[in-house]
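The chain contents come next:
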Amino acid sequence: MATLVAPPAGGSTGGKPKEKKSQEEIAAEFQQLRNQQRNLVNNLNTIEMDLKEHKTVIDTLKTVESSRKCFRLIGGVLVEQTVEVVLPQLELNKAQLEKLIEEGKEQITKKGLEINQFKDEHNIKVRGQEPSQPAGSEKEENAADEKSSGNRNVLVGNL
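Reading the values: the criteria
Along each chain, residues carry numbers from 1 onward, in the same order as the chain's sequence is written. Side-chain atom pairs in this predicted model are given and counted only at pLDDT of 80 or more, local residue features only at pLDDT of at least 70, and totals for whole chains, interfaces and linings cover all residues. As a convention, hydrogens and water are excluded, and side-chain values are obtained from all of the structure's heavy atoms. UniProt positions are given in the numbering used here, feature names are shortened, and annotations may be inferred rather than shown by experiment. Exposure above 30% relative accessible area and no salt bridge define the residues that can form patches, which grow by joining like charges within 9 Å and nonpolar side chains of Val, Leu, Ile, Met, Phe, Trp and Tyr within 5 Å. Under the convention used here, a 1.4 Å probe and the Shrake-Rupley method define accessible areas, while residue burial counts only the protein chains that appear. A pair is scored as a salt bridge if a Lys or Arg side-chain nitrogen falls within 4 Å of a carboxyl oxygen belonging to Asp or Glu. Accessible area is worked out with a 1.4 Å probe on protein chains only. A residue is then buried under 20% of its type maximum, exposed over 50%, and partly exposed in between. A pair of strands is labelled paired if DSSP reports no fewer than 2 bridges between them. Comment: elements are numbered from the N terminus, with helices defined as DSSP H or I runs of at least four residues and strands as E runs of at least two. Here the axes come from fitting lines to C-alpha atoms, over the contacting stretch only for helices, and the angles between their N-to-C directions go from 0 to 180 degrees. To sort the angles, those under 35 degrees are grouped as roughly parallel, those over 145 as roughly antiparallel, those from 65 to 115 as roughly perpendicular, and the leftovers as oblique. Crossing handedness follows the turn of the near helix against the far one: under a right angle anticlockwise gives a left-handed crossing, and clockwise gives a right-handed one. Three residue categories are used. Nonpolar comprises Ala, Val, Leu, Ile, Met, Phe, Trp, Tyr, Cys and Pro, charged comprises Asp, Glu, Lys and Arg, and polar comprises the others, including Gly. Stacked, edge-to-face and tilted labels apply to pairs of Phe, Tyr and Trp rings (six-membered ring for Trp) whose centres lie within 6.5 Å, assigned for plane angles under 30 degrees, over 60, and everything in between, in that order. On a scale of 0 to 100, pLDDT captures the predictor's confidence in every residue. The contact criterion used is simple: two residues touch if any of their non-hydrogen atoms lie within 4.5 Å.

- An unreviewed UniProt entry lists the protein chain under the name Prefoldin subunit 2, with Anopheles melas as the source organism.
- The record in UniProt for the protein chain states the following under Sequence similarities (unreviewed entry): "Belongs to the prefoldin subunit beta family."
- Here is the UniProt Subunit (unreviewed entry) comment for the protein chain, exactly as written: "Heterohexamer of two PFD-alpha type and four PFD-beta type subunits."

**Quick word on a nonpolar patch on the surface**
Working step 1: On the surface, F71, L73 and L78 cluster together to form a nonpolar patch covering roughly 340 Å² of accessible area.
Working step 2: When its relative accessible area of 61% is taken as the criterion, L73 is described as exposed.

**Some thoughts on the pairing of strand 1 (residues 69–74)**
Working step 1: With 6 bridges joining them, strand 1 and strand 2 (residues 77–82) adopt antiparallel strand pairing. Residue R72 lies in a different strand from strand 2, and its bridge partner there is V79.
Working step 2: In this antiparallel pair of consecutive strands, strand 1 and strand 2, the connection spans 2 residues, and G75 shows a positive phi of 60°.

**Description of the pattern of salt bridges**
Working step 1: On inspection of all chains with the given rule, the structure shows 4 salt bridges.
Working step 2: One salt bridge in this structure joins E91 and K62, with 3.8 Å as the shortest N-O distance. Of this pair, E91 sits in helix 2 (residues 83–122) while K62 sits in helix 1 (residues 23–62), and the two are 29 residues apart along the sequence.

**Re the packing of helix 1 against helix 2**
Working step 1: Contact geometry for helix 1 and helix 2: axes closest at 8 Å, N-to-C directions at 160°. When the axes of helix 1 and helix 2 are compared, the pair comes out roughly antiparallel. For the element pair helix 1 and helix 2, the recorded crossing hand is left-handed.
Working step 2: Residues that form the contact of helix 1 with helix 2 fall into these classes: 21 nonpolar, 8 polar and 13 charged.

**Observations regarding the packing of aromatic side chains**
Working step 1: Considering all chains together, one arrives at 1 aromatic pair under this definition.
Working step 2: The interplanar angle of 10° and the centroid separation of 6.3 Å between the aromatic rings of F30 and F118 together place this pair among those described as stacked. Note that F30 is positioned in helix 1 and F118 in helix 2, a separation of 88 residues in sequence.
Working step 3: The buried category is assigned to F30, whose relative accessible area is 7%.

**Looking at the environment of E103**
Working step 1: By secondary structure assignment, the location of E103 is in helix 2.
Working step 2: We classify E103 as partly exposed; its relative accessible area is 36%.
Working step 3: In this structure the C-alpha to C-alpha distance between E103 and L44, which are 59 residues apart in sequence, comes to 9.4 Å.

**A look at the confidence of the model for the protein chain**
Working step 1: On average, residues of the protein chain carry a pLDDT of 80, and 69% of them reach 70 or more.
Working step 2: Counting interchain partners and residues more than four positions distant, the pLDDT-below-50 stretch residues 1–18 has 3 contacts.
Working step 3: A low-confidence stretch, residues 139–159 stays under pLDDT 50, and its non-local contacts, those more than four residues away or across chains, total 19 contacts.

Here it is in structure tokens:
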């Protein structure tokens, strides 16, 4: 049989008020927000690398005749198709990746605003960060570092 417990007399039914958080809880929540933003940036970088690879393959396939056979890796399975079949699929995937990149940038911006709001609410100062430095600069530096090291080569041969 279930028993019901009456809420406290203060009228708040949802845990601790925001003002009553300990320093450790605030720090943990702030770190969680920063980790979420970092994960978003990493995912965005991965998608941007995929887009770059798609562009390279599309440019290469446009230079060969459409009846030529090519191989495509789909879900771990190598499939033999012709260029005229693969090229439209790759262009569609490229358009979808571009859309994902735009959505990812919006999510990163929203997360940055959320982090800044949290910092302001709880008067958080980040060590080593000047007050005039925008919060998104760390993200941009990481993205620039990963882009410069993410160059890949494509080998094209005659089949």
